[in-house]
Amino acid sequence: MTANPRSDTIAVFGAGVMGRSITALALGRGVDVVLVDVSDDVLRAAEADIAQQLRHGRFMGAFPDSQATGTLTTTLSGEAAADATAVVEAITEDSSLKARTLAEVSGVVAPGTTLITNTSGIPIDELAKSVRRPAELAGVHFMNPAYLIEMVEVIRGPQTAEDTVAAVFSLLGRLGKKAVVVHDAPGFVTSRLLHPMINEAARIVAEGTASVESVDRLMQGCLGHPTGPLRTADLIGLDNLADALRLLAERTGNTAFAPCDLLREKVRRGDLGRKTGRGFYDYEGVLS
């Protein structure tokens, strides 16, 4: 698709699980999106998936009834982000790839453009070394699906400016989100708590203490977890989860955070969760 970005356009880099979910959120709230990826095939698949997410969001009442849907532009060129008022980096959880993407974005956009990384745990100050204006970079950890989960985690790096935090909150308000600001650290708050819990849940299954279903039912029924840790893992994507756990282990020095054998085996087999039809649960015939 081709279009010229307008003043209310955001650019999203990465058309994977989170890039699609964030794009659907913005479009449903009437914000135009330039979606950038390195693969034509991925972008074509993303368009269909985003359309489905928009339908689901409307069905769930996630978007205002009177709101016109924003315009989606897909492209292979990062240059298309030049006129965006904000950029969201949502590529895979790989620190070197994120740094490279943010460096590219920083060289394209005008000074004063808000740069947001959707990292689930890489310190913002580490990524800030790659951008031209570190004061304009902040972290916003959207949860999946971004259009349904109201709360987000905003991470203020040591160099993040007040104006950047204010711009982030303005954008999140436009997107209908509530936010809590936290300080910069590996894993921040949500990932530092959630990801090791999922890892332990997988270890419990591997040790034969309980089945996948039993673990999730106990966490739901006894501790109030909305979906259970292992179904949540399938939604995150087991490859994304394993990458995040490796990064957390490296940056904290805590080897207990390293992905367990069962999780690594599922990733090796390509059983990555809902996006592949199989993870801890089997979704074949369930996904639309």
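Cut-offs applied
- Residues numbered from 1 in each chain as written.
- Predicted model: local features only at pLDDT ≥ 70, side-chain atom pairs only at ≥ 80, totals over all residues.
- Heavy atoms only, no water.
- UniProt positions renumbered as here; feature names shortened; annotations may be inferred.
- Salt bridge = Lys/Arg side-chain N within 4 Å of Asp/Glu carboxyl O.
- Helix = DSSP H or I, 4+ residues; strand = E, 2+ residues; numbered from the N terminus.
- Buried < 20%, exposed > 50% of the residue type's maximum accessible area, 1.4 Å probe, protein only.
- 1 Å grid on protein atoms, 1.4 Å probe; cavity = no way out; pocket = protein on both sides within 12 Å on 5 of 7 lines; lining within 4 Å.
- Points joined across faces, edges and corners; volume = space filled by probe spheres on them.
- Nonpolar A, V, L, I, M, F, W, Y, C, P; charged D, E, K, R; others polar.
- Domains from an automatic or database assignment.
- pLDDT = per-residue confidence, 0-100.
- Contact = heavy atoms within 4.5 Å.
- Phe/Tyr/Trp six-rings, centres within 6.5 Å; stacked < 30°, edge-to-face > 60°.
- Lys, Arg positive; Asp, Glu negative; His and termini not counted.
- Core = buried A, V, L, I, M, F, W, Y, C linked by side-chain atoms within 4.5 Å.

As annotated in an unreviewed UniProt entry, the chain is Putative 3-hydroxybutyryl-CoA dehydrogenase from Streptomyces violaceusniger. Under the UniProt heading Sequence similarities (unreviewed entry), the entry covering the chain gives this text: "Belongs to the 3-hydroxyacyl-CoA dehydrogenase family." Looking at the Pathway (unreviewed entry) heading of the UniProt record, one finds this comment for the chain: "Lipid metabolism; butanoate metabolism."

A short note on the pattern of salt bridges
Here the structure, examined in full by the defined rule, presents 17 salt bridges. Put simply, Glu-126 and Arg-251 hold a salt bridge, and the shortest N to O gap is 2.7 Å. On the criterion of sequence distance, the pair formed by Glu-126 in helix α4 (residues 124–128) and Arg-251 in helix α9 (residues 238–252) is long-range, its members being 125 residues apart. Arg-251 gets classed as partly exposed once you look at its relative accessible area, which sits at 26%.

With respect to the layout of surface pockets
Here the largest pocket is characterised by a volume of approximately 1,200 Å³. For the largest pocket, the lining is made up of 47 residues, of which Val-17, Met-18, Asn-118, Ile-236 and Asn-240 are closest to its centre. Elements supplying a minimum of two residues to the lining of the largest pocket: α1 (17–28), α3 (95–108), α6 (190–206), α8 (229–236) and α9. It is α6 that provides the largest number of residues to the lining of the largest pocket, a total of 6 residues. Broken down by class, the residue content of the lining of the largest pocket amounts to 23 nonpolar, 16 polar and 8 charged. Shared between two domains, the lining of the largest pocket holds at least three residues of each, these being domain 1 (9–183) and domain 2 (190–276).

Digging into empty space enclosed by the protein
Here the idea is plain: a probe the size of a water molecule rolls over the atoms and shows the empty space left. Enumeration according to the criterion identifies 1 cavity of 30 Å³ or more in this entry. Reported here for the largest cavity is a volume of approximately 30 Å³. Glu-93, Gly-121, Ile-122, Pro-186, Gly-187, Ala-244, Leu-247 and Leu-248 are the residues that line the largest cavity. Shared between two domains, the lining of the largest cavity holds at least three residues of each, these being domain 1 (9–183) and domain 2 (190–276).

A short note on the confidence of the model for the chain
The predicted model of the chain has a mean per-residue pLDDT of 95, with 96% of residues at 70 or higher. The low-confidence segment residues 1–6, where pLDDT is below 50, has 11 contacts with residues more than four positions distant or belonging to other chains.

Considering the environment of Leu-272
Mapped onto the elements, Leu-272 comes out in the segment after α10 (261–269). When its relative accessible area of 14% is taken as the criterion, Leu-272 is described as buried. Expressed as a C-alpha distance, the spacing of Leu-272 and Ala-135, which sit 137 residues apart in the sequence, is 36 Å. Contact partners of Leu-272, with chain neighbours within four places excluded, come to Asp-234, Gly-237, Leu-238, Asp-239, Lys-266, Val-267 and Arg-278.

Thoughts on the packing of aromatic side chains
Taken as a whole, this structure holds 1 aromatic pair when the rule is applied. Judged by centre distance (6.2 Å) and plane angle (40°), the ring pair of Phe-63 and Tyr-147 falls under tilted. Remark: Tyr-147 occurs in the loop between β6 (137–141) and β7 (151–156) and Phe-63 occurs in the loop between α2 (40–59) and β3 (72–75); sequence separation between them is 84 residues.

Here we look at the side chain of Asp-216
Position of Asp-216 relative to the elements: it lies in helix α7 (residues 212–223). Arg-231 provides the closest opposite charge to the buried, unpaired Asp-216, separated from it by 4.8 Å. Residue contacts for Asp-216: discarding those within four places in its chain leaves Thr-227, Gly-228, Pro-229, Leu-230, Arg-231 and Tyr-281.

Looking at the nonpolar core
Nonpolar side chains tend toward joint burial in soluble globular proteins. Residues Ile-10, Val-12, Ile-22, Leu-35, Ile-50, Val-140 and Phe-142 are the most contacted members of the largest nonpolar core, which totals 34 residues. Ranked by residue count, the leading element in this core is α1, at 6 residues. Not counting residues up to four positions away in its chain, the partners in contact with Ile-22 are Val-12, Val-88, Ala-90, Asn-118, Phe-142 and Ala-146. Counting residues in each nonpolar core, the second largest holds 21 residues, with Val-36, Leu-127, Phe-188 and Leu-247 among its members.

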